[in-house]
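# A structural walkthrough
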Amino acid sequence: MYAKDNEWFMQRCLKLAQQGRNYVAPNPMVGCVIVNNGRIIGEGYHAKYGEEHAEVKAIQSVRNKELLKKSTLYVNLEPCCHYGKTPPCVELIIQHQIPKVIIGSTDVNPKVSGKGISCLKEKGIKVQVGILEEACKNINIRFFTFHQEKRPYIILKWAETLDGFMDINRNLKEKNKSYWITNEALKLKVHQWRAQESAIFTGANTIINDNPQLNIRYCAGNNPIRITFLKSPIETTSFSFFDNSQKTIVFNSFKEEIKDKTEYILIKNDNNIEKEILEKLYKRNCQSIIIEGGKKTLERFIQAKLWDEARILVGNKFFVSGLKAPILSIMPYKIEQINEDKVVYIKNTLV
């Protein structure tokens, strides 16, 4: 088998893995193909948290199981070797006597990390690691960040005008006129982003001024956990954030309490609120979070160097006067044009 063939089959694994994007967290996205004499005879992907892993589905899909004894299994992430929601994948690979396994990247979860590879090798299975390794890591950057940094993967998101304003001067606002910065296509994209992340954070001022719902009403998937921080109590009945329509966490300085789907969690360290919030989310297995707050909230995370990427929606408008958007001193790695507007993507290369 040529190296380019290995890369092609691994690309197929990655394409399959993407199909579980909105449903597998906190598990990683994994795809698997089984190849016999250069032909794919089985494939599968992890579709939903708690369900069968990619390797299991791929093996199950092979009609003639005898062919497995002369086949190669490709998978973008090291097969698991521990009991969780499902049995270990390595046991099934060994049981069916698959002679060769090609892996995109090793797992960073301490329960697996290298152990799955060792189990396979101990049984005489030939293992090759590192095919399209960077791409295999990137597809699960949230999973890798969570285990390596001991915190969720953090995405900053805001919209701004061509002249760099997040909001127009409130004294210039006209009654019954919309000051929405970007187009409808970008609104749909934002909801798709939300469906891909575990949680979404916004500041108290944004809740009071904009009354956001922070759900995914324009696409399929799971609603993110809504999160905020309150220094003091506010009247909650007026705002969608507190409507118990989805899981909500209110980090705060005044109480511990659970009301239906809304949980109040006390923050003790007022000097480093962001770090304590991230530590508590890590302990709750929250792998990723979008910071969709106002300028103050965004700048607190920026100043604390607690962010991994930024997605800036730039609308084809001018406000001339108003609230200036944050400024990042890192060049974008991608700019996406969507109708008359665009999205600027920036990775934090300074951490």
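Structure first, text after, so check above.
About the cut-offs
Residues numbered from 1 in each chain as written. Predicted model: local features only at pLDDT ≥ 70, side-chain atom pairs only at ≥ 80, totals over all residues. Heavy atoms only, no water. Phe/Tyr/Trp six-rings, centres within 6.5 Å; stacked < 30°, edge-to-face > 60°. Helix = DSSP H or I, 4+ residues; strand = E, 2+ residues; numbered from the N terminus. Buried < 20%, exposed > 50% of the residue type's maximum accessible area, 1.4 Å probe, protein only. Lys NZ or Arg CZ within 6 Å of the ring centre and 35° of its normal. Patch = residues over 30% accessible without salt bridge, like charges linked within 9 Å, V, L, I, M, F, W, Y side chains within 5 Å. Areas by Shrake-Rupley, 256 points an atom, 1.4 Å probe, with all protein chains shown as cover. Salt bridge = Lys/Arg side-chain N within 4 Å of Asp/Glu carboxyl O. 1 Å grid on protein atoms, 1.4 Å probe; cavity = no way out; pocket = protein on both sides within 12 Å on 5 of 7 lines; lining within 4 Å. Points joined across faces, edges and corners; volume = space filled by probe spheres on them. Nonpolar A, V, L, I, M, F, W, Y, C, P; charged D, E, K, R; others polar. Pairing = 2+ DSSP bridges.

Geometrically, a pair of aromatic rings is defined through the distance of the ring centres and the angle of the planes. Per the stated rule, a full pass over the model turns up 8 aromatic pairs. Where Phe 146 meets Tyr 282, the ring centres are 4.7 Å apart and the plane angle is 40 degrees; that geometry is what we call tilted. One end of the pair, Phe 146, is in helix α6 (residues 141-149); the other, Tyr 282, is in helix α9 (residues 273-283), with 136 residues separating them in the sequence. Residue class for Phe 146 comes out buried when judged on its relative accessible area of 4%. With 5.7 Å between their ring centres and 70 degrees between their planes, Phe 201 and Phe 301 make a pair best called edge-to-face. One end of the pair, Phe 201, is in strand β8 (residues 199-201); the other, Phe 301, is in helix α10 (residues 295-303), with 100 residues separating them in the sequence. Here Phe 201 matches Phe 301 in class, with each residue buried. One aromatic cluster in this structure is built from Trp 8, Phe 9 and Tyr 74. Arg 226 extends its terminal NZ or CZ atom over the ring of Phe 241, reaching a point 5.5 Å from the ring centre. For the cation-ring pair, Lys 347 lies above Tyr 333, with the distance from its terminal atom to the ring centre recorded as 4.8 Å.

What follows is about unusual backbone geometry. Residue Ala 25 is joined to Pro 26 through a cis peptide bond whose omega torsion reads 10 degrees. The phi angle at Lys 150 is positive, at roughly 60 degrees, despite the residue not being glycine. Mapped onto the secondary structure, Lys 150 falls in the loop between α6 and β6 (153-160).

What follows concerns a nonpolar patch on the surface. Together, Leu 162, Phe 318 and Val 320 make up an exposed nonpolar region whose accessible area comes to about 340 Å². Take Phe 318: it is sitting in the loop between β14 (309-314) and β15 (322-324).

Further remarks concern the layout of surface pockets. Approximately 760 Å³ is the volume found for the second largest pocket. Taken together, 30 residues make up the lining of the second largest pocket; nearest its centre are Asn 138, Ile 141, Tyr 153, Glu 309 and Lys 347. For the lining of the second largest pocket, the elements supplying multiple residues, two or more each, are α1 (3-17), α5 (133-139), α6, α7 (184-196), β14, β16 (334-338) and β17 (341-347). A per-class count over the lining of the second largest pocket returns 10 nonpolar, 8 polar and 12 charged.

The buried fraction of β6 is high, at 7 of 8 residues. Of the pairings in the sheet, the one linking β6 to strand β13 (residues 288-291) comprises 4 bridges and is parallel in character. By the bridge assignment for β13, Leu 156 is matched with Ile 291. Note that β6 and β14 share 6 bridges and pair parallel. Each bridged residue has a counterpart across the sheet, and for Glu 160 the counterpart in β14 is Val 314.

Function cannot be inferred from these measures alone, as they are strictly geometric.
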